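As a plain string of letters, each chain reads:
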Amino acid sequence: MHTQEPSVISPVIVPRAEHNISRSKISESALKVLYRLKSAGYESYLVGGGVRDLLLGREPKDFDVATNARPEEVRALFRNCRIIGRRFRLAHVQFGREIIEVATFRANRPVAQTAGSASENGRILRDNTYGTLEEDALRRDFSVNALYYDIRDFSVRDYVDGLADLHAGVLRLIGDPATRFREDPVRMLRAARFAAKLGFRVHPDTAAPIAELAPLLADIPPARLFEEILKLFLYGFGAQAFEHLRRYGLFARLFPRTDPLLDTEEQGFPHTFISRALASTDTRVREDKPVTPAFLFAALMWEPVRQRAAELETAGTRPAEALHQAADELVFEQIAHVALPRRFATPMIEIYQMQPRFLQREGKRPSRFLAHPRFRAAYDFLMLRAEAGEVDAELAGWWTRLQAAGTDAERELLVPVAAAPAGRRRRSRRRRRHKVSAPA
Ligand code: ATP
Ligand code: MG
């Protein structure tokens, strides 16, 4: 039973003339949802990243709506609406490829302290019930994410000093930081993400408990962590996000095998390897080129896989087999922390397994390799290794030229002379098979 009335805070209300949010910057679908709720007599606000990003003059990734209408009431207004979620039910209104998420105001009240209300790690479970607009503001994570754009008069409402933080470039968790991180440890990752994305600084009070609470990420379902990792690394600010995750001790919770190796780097490797991988992914995102979690995870796990393969080789396993086994072992283990769907894990392992093939430059093998559907990903990975100084620049350059060569005749010119006589080729190929070494 929740009988306690929350104390009402009066919001700061910024009228339309005093802020920069223009309706022309809000998606038509979001506007449709806001207006239809309003005409049906409900309150409706744009909230979250949409408002934050518009105030910052950035283009929002998506638009979220908050309302006092219940999910069924929302559904009654839109044909294209589905209700999702079990514990908190949300309405998704779909317009082509765009989904507007409509959430009913919720309150975040502590559950009566009975058995089972806190998880083993002291994570305080709270009951999410419907609430008022004020309560909805207080249950959100960061103050800059709790600003409401009112469709009635186009004003912005602020219950939590979010506007001041937004102007100061500060990420501040609403309420007591340790309590809020315990409630949902993913908020620690969100802090790193928004700090990177917005270039904001994490308020010292918000940052303080993170190092101690980082182990709570172990409670988060691997599938949710996977989603968060994509949001951290595949939206154009991954290199920054990585730095923040490292600084707060969060990276170790996501990639426990990779993290310790970052501290023992030699000549800037592998720390620079991952930074380079992320920087090149960031560039691709900015250039609107496709990026894949398979490549990203391949880069993040490369150092432990490489080292494990070397160990196995020392113990007598043949190089290609050592790489294969190391990849299988470590990827399997990693997936227990962060779910990596098979459609990404398979190509990720393939990127590793294809690396030794770059050492085979004779005969028809290079041409055949070029035609492999995953050649390009493996090649990009080779380039990364070359940039990090792990692979000979000559080798990398050769493959770059081979790829640029348009015709078979041009490619022939690049084939090393030693490969010419057919008889010798066969013999040397057999010999080479044993010599092919796992990437050193
Ligand atoms: P993005 O630009 O990534 O979409 P966002 O701030 O919109 O950023 P979402 O994950 O889309 O983030 O969530 C929308 C809003 O819901 C947030 O702005 C915040 O107010 C609230 N929210 C999301 N996740 C949490 C959470 N774990 N705890 C509290 N509030 C949350
Ligand atoms: Mg959003």
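Before reading on, note that the structure itself is shown above.
Structure report, in brief. Residue indices follow the written sequence of each chain, beginning from 1 at its first position. Chains carry letters and ligands carry numbers; both start at the beginning, A for chains and 1 for ligands, and go up in the order they are written. In keeping with the model being predicted, local features are shown solely for residues with a pLDDT of at least 70 and side-chain atom pairs are shown and tallied solely at 80 or more, while totals for entire chains, interfaces and linings include all residues. Side-chain figures throughout are based on the complete set of non-hydrogen atoms in the structure, without hydrogens or water.

**Section: empty space enclosed by the protein**
Cut-off, in case you're wondering: In the cavity and pocket records, a cavity denotes points on a 1 Å grid over the protein atoms alone where a 1.4 Å probe fits but cannot get out, a pocket denotes an open set with protein on both sides within 12 Å along at least 5 of 7 lines, and lining residues are residues with an atom within 4 Å of a point. Grid points are joined across faces, edges and corners, and a volume is the space filled by probe spheres set on the points. Helix and strand assignments follow DSSP, with helices taken as H or I runs no shorter than four residues and strands as E runs no shorter than two, numbered in order from the N terminus. Residues are grouped as follows: Ala, Val, Leu, Ile, Met, Phe, Trp, Tyr, Cys and Pro are nonpolar; Asp, Glu, Lys and Arg are charged; all remaining types, including Gly, are polar.
The final tally for this structure, using the stated rule, is one cavity of 30 Å³ or more. Lining of the largest cavity is provided by Phe 297, Val 331, Gln 334, Ile 335, Val 338, Leu 340 and Met 348. The biggest single contributor to the lining of the largest cavity is helix α16 (residues 319-335), with three residues. For the lining of the largest cavity, a count of residues per class yields six nonpolar, one polar and no charged.

**Observations concerning helix α19 (residues 375-387)**
Just so we agree on the cut-off: Multiplying one less than the number of residues by 1.5 Å gives the expected span of a helix. Exposure categories follow from relative accessible area, calculated using a 1.4 Å probe and restricted to protein chains: below 20% of the type maximum is buried, above 50% is exposed, and the middle band is partly exposed. Throughout, a contact is declared for two residues whenever any of their heavy atoms are within 4.5 Å.
Spanning 13 residues, α19 covers 18 Å between terminal C-alpha atoms, matching the ideal 18 Å at 1.5 Å per step. Those residues of α19 that sit buried are Phe 375, Ala 378, Tyr 379, Phe 381, Leu 382, Met 383, Leu 384, Arg 385 and Ala 386. Those residues of α19 hidden inside the fold are in contact with α14 (271-286), α15 (293-314), α17 (342-354), α18 (365-370) and α20 (393-404). Phi turns positive, to about 80°, at Gly 389, one or two residues after α19.

**So, the site of ligand 1**
The following threshold applies: By convention in this text, a residue qualifies as near a molecule or strand provided that one of its non-hydrogen atoms is within 4 Å of it. Method for areas: the Shrake-Rupley scheme with a 1.4 Å probe, in which residue coverage is limited to the protein chains shown.
Lining the immediate environment of ligand 1, one finds 17 residues, of which Arg 52, Asp 184, Arg 187, Arg 193 and Lys 197 sit closest. Burial of ligand 1 by the protein amounts to 86% of the accessible area it has alone, namely 580 Å². If you list the elements that add at least two residues to the shell around ligand 1, you get α2 (49-55) and α7 (186-198). Its residues placed into classes, the shell around ligand 1 shows one nonpolar, three polar and 13 charged.

**Considerations on the pairing of strand β5 (residues 90-95)**
Convention followed: Following DSSP output, two strands are said to pair if at least two bridges run between them.
β5 sits mainly inside the fold: five of its six residues count as buried. As defined by bridge partners, strand β4 (residues 81-84) adjoins β5 across four bridges and the pair is classed as antiparallel. The residue bridging Ile 83 from the neighbouring strand is Ala 91, located in β5. Between β4 and β5, which pair antiparallel in sequence order, lie five residues; one of them, Gly 85, sits at a positive phi of approximately 85°. Relative to strand β6 (residues 98-104), β5 is paired through five bridges, and the arrangement is antiparallel. When the sheet's bridge partners are listed, Ala 91 is paired in β6 with Val 102. Where β5 folds back on β6, the antiparallel hairpin that results is connected by two residues, among which Gly 96 adopts a positive phi of roughly 55°.

**Description of the environment of Gln 307**
Residue placement: Gln 307 occurs in helix α15. In this structure Gln 307 comes out as partly exposed when scored by relative accessible area, which is 33%. Considered as a pair, Gln 307 and Ala 326 are 19 residues apart in the sequence and their alpha carbons are 8.5 Å apart.

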